[in-house]
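Coordinate inspection notes
Listed here are the chains, written in short residue letters.
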Amino acid sequence: MNIFVTGASGFIGSAVVKELIRAGHQVIGLARSEASAKIIRDAGASVLLGTLEDLEILKQGASQADGIIHTAFIHDFTQYQKAGEVDKTAIQTMGNVLAGTNKPLVVTSGMLGLTPINGFITEESPVGNSPRPSEATTLALSEAGVHASVVRLPPSVHDKGDKGFIPFIIAQARKNGVSAYPEEGKNHWSAVHRLDAAKAYRLAVEKAAKGAVYNVVGDQSIEIKTIATLIGKQLQLPVQSVSGEAIVTHFDWMGRFITFEGAAIGSKTQEQLDWKPTHIGLLEDMQENYF
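Report on the accompanying structure. Per chain, residue numbering runs from 1 following the sequence as it is written. The model is predicted, so local features are restricted to residues of pLDDT at least 70 and side-chain atom pairs to those at 80 or more, both for listing and for counting; the totals for chains, interfaces and linings are taken over all residues. Computation of side-chain values: all heavy atoms of the structure, hydrogens and water removed.

**Quick word on the packing of helix α8 (residues 224–235) against helix α11 (residues 282–289)**
Describing two packed helices takes the angle between their axes plus the distance from one axis to the other. Helix axes use the C-alpha atoms of the stretch in contact, all axes being lines fitted to C-alpha atoms, and the angles between their N-to-C directions lie in the range 0 to 180 degrees. Runs of E in the DSSP output that reach at least two residues are strands. Runs of H or I that reach at least four are helices, and both are numbered from the N terminus. Where α8 contacts α11, the two axes come as close as 11 Å, and the packing angle between them is 15°. Classified by the angle their axes make, α8 and α11 are roughly parallel. Between α8 and α11 lies a crossing of right-handed hand. Residues Thr 226, Ile 227, Leu 230, Ile 231 and Gln 234 of α8 touch α11, and the partners they reach there are Leu 282, Leu 283, Met 286 and Gln 287. Any angle between 65 and 115 degrees counts as roughly perpendicular, while under 35 counts as roughly parallel, over 145 as roughly antiparallel, and the rest as oblique. In this scheme the handedness of a crossing depends on how the near helix is turned from the far one: anticlockwise by less than a right angle means left-handed, clockwise means right-handed. Residue contacts are defined here by distance: any two heavy atoms, one from each residue, within 4.5 Å place the two residues in contact.

**Side note on the packing of aromatic side chains**
Only the six-membered ring of Trp is used, alongside the rings of Phe and Tyr, when aromatic pairs are assigned; centres must lie within 6.5 Å, and planes under 30 degrees apart are stacked while those over 60 apart are edge-to-face, with the rest tilted. For the structure shown, the criterion picks out six aromatic pairs. One aromatic cluster is present, built from ring pairs that chain together Phe 165, Phe 168, Trp 189, Trp 253, Phe 257 and Phe 260. Whether a charge sits over a ring depends on NZ of Lys or CZ of Arg being within 6 Å of the ring centre and within 35 degrees of the ring normal. For the cation-ring pair, Arg 132 lies above Phe 73, with the distance from its terminal atom to the ring centre recorded as 4.1 Å.

**Let's talk about the pattern of salt bridges**
By definition here, a salt bridge exists when the distance from a side-chain nitrogen of Lys or Arg to a carboxyl oxygen of Asp or Glu is within 4 Å. Scanning the entire structure with this criterion turns up nine salt bridges. Two residues, Glu 34 and Arg 41, come together in a salt bridge whose shortest N-O distance is 3.9 Å. For the exposure calls, accessible area comes from a 1.4 Å probe over protein chains only, and a residue counts as buried if that area is under 20% of its type's maximum, exposed if over 50%, partly exposed in between. When its relative accessible area of 44% is taken as the criterion, Arg 41 is described as partly exposed. Note that Glu 124 is salt-bridged to Lys 268, the shortest N-O span being 2.8 Å. In this pair, Glu 124 is assigned in the loop between β5 (104–110) and α5 (134–143) and Lys 268 in helix α10 (residues 267–273), connecting sequence segments 144 residues apart. Salt bridges sharing common partners tie together Glu 19, Arg 22, Arg 202 and Glu 206.

**Let's talk about the nonpolar core**
In this structure, Val 5, Leu 20, Ile 69, Val 151, Leu 153, Tyr 201 and Val 216 are the most contacted members of the largest nonpolar core, which totals 32 residues. Sorting the residues of this core by element identifies β1 (2–6), α1 (13–22), β2 (26–31), α2 (34–42), β6 (147–153) and α7 (194–207) as the ones contributing at least two each. Dropping the residues within four chain positions of it, Val 216 is found in contact with Met 111, Val 151, Arg 152, Leu 153, Pro 154, Val 192, Ala 197, Ala 200 and Trp 275. Counting 31 residues, the second-largest nonpolar core is a separate cluster that includes Phe 168, Ala 191, Ile 227 and Met 286. Only buried residues count toward a nonpolar core. Its members are Ala, Val, Leu, Ile, Met, Phe, Trp, Tyr and Cys residues joined through side-chain atoms within 4.5 Å.

**Topic: the pairing of β5**
Where burial is concerned, most of β5 is hidden: seven out of the seven residues are buried. When DSSP locates at least two bridges between a pair of strands, those strands are taken to pair. As paired elements, strand β4 (residues 67–70) and β5 share three bridges and run parallel to each other. Opposite His 70, over in β5, you have Val 107 as the bridge partner. Relative to β6, β5 runs parallel, the two being bridged by seven bridges. By the bridge assignment, Val 107 is partnered in β6 with Val 150.

Here it is as structure tokens:
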């Protein structure tokens, strides 16, 4: 297949591009700069220059492809609502190009804010309080006949080069001189290694089940206090609880995410995609590569 990948030079997207090419697919990667374009070309893919807000470019990429994997997102969490609106418009634009075809659209979504069922976010968990509109937008396209599906990622997609939530939490610990956790630290996060996630994306676009929701999970449930304790040990900092206003003071914009329950399972996903995580877990990866 010839697959259009947004975010193709990013932390997750670059791994997806390499996974697709290894499996024999061709890739058109969306690049917002010449530096990004070089990363994509060096991986063996062709390049389309543009951003998520360049709707004509998105239409061009979508029309040239046999399928789409959407990993791009504007990671400015101080303007999260605006980032969500841009994402929603981009998904709708690409989805509309694929309407009336059987070409797959695989869209990235997150797990934080979804409603747990018996303590875990499952494939059946409703969108609930999720601040990100990508899943609802994609499933609406699916109901309208587009061959669209969702890959849900845990709060931590980890590997060397991670620039996500965990590195930010570590940076805040360094900045504030303490490794903090919210309240009792009893909420949990799930995680997946970046290379395991990349394989799941490939399988999702190849198997292309319309309306499917895939929970791409490695570590199912790590207590937030355990993460904070490891950070404190590695940085030789005190570990302590913060509550109320102190959560936002310590965690900054992450204050709205750090208290969410993010334990998740993906047994149906593993069965449907014939996928299993094989790389190291988050805590081991943190110890080896994050400090």
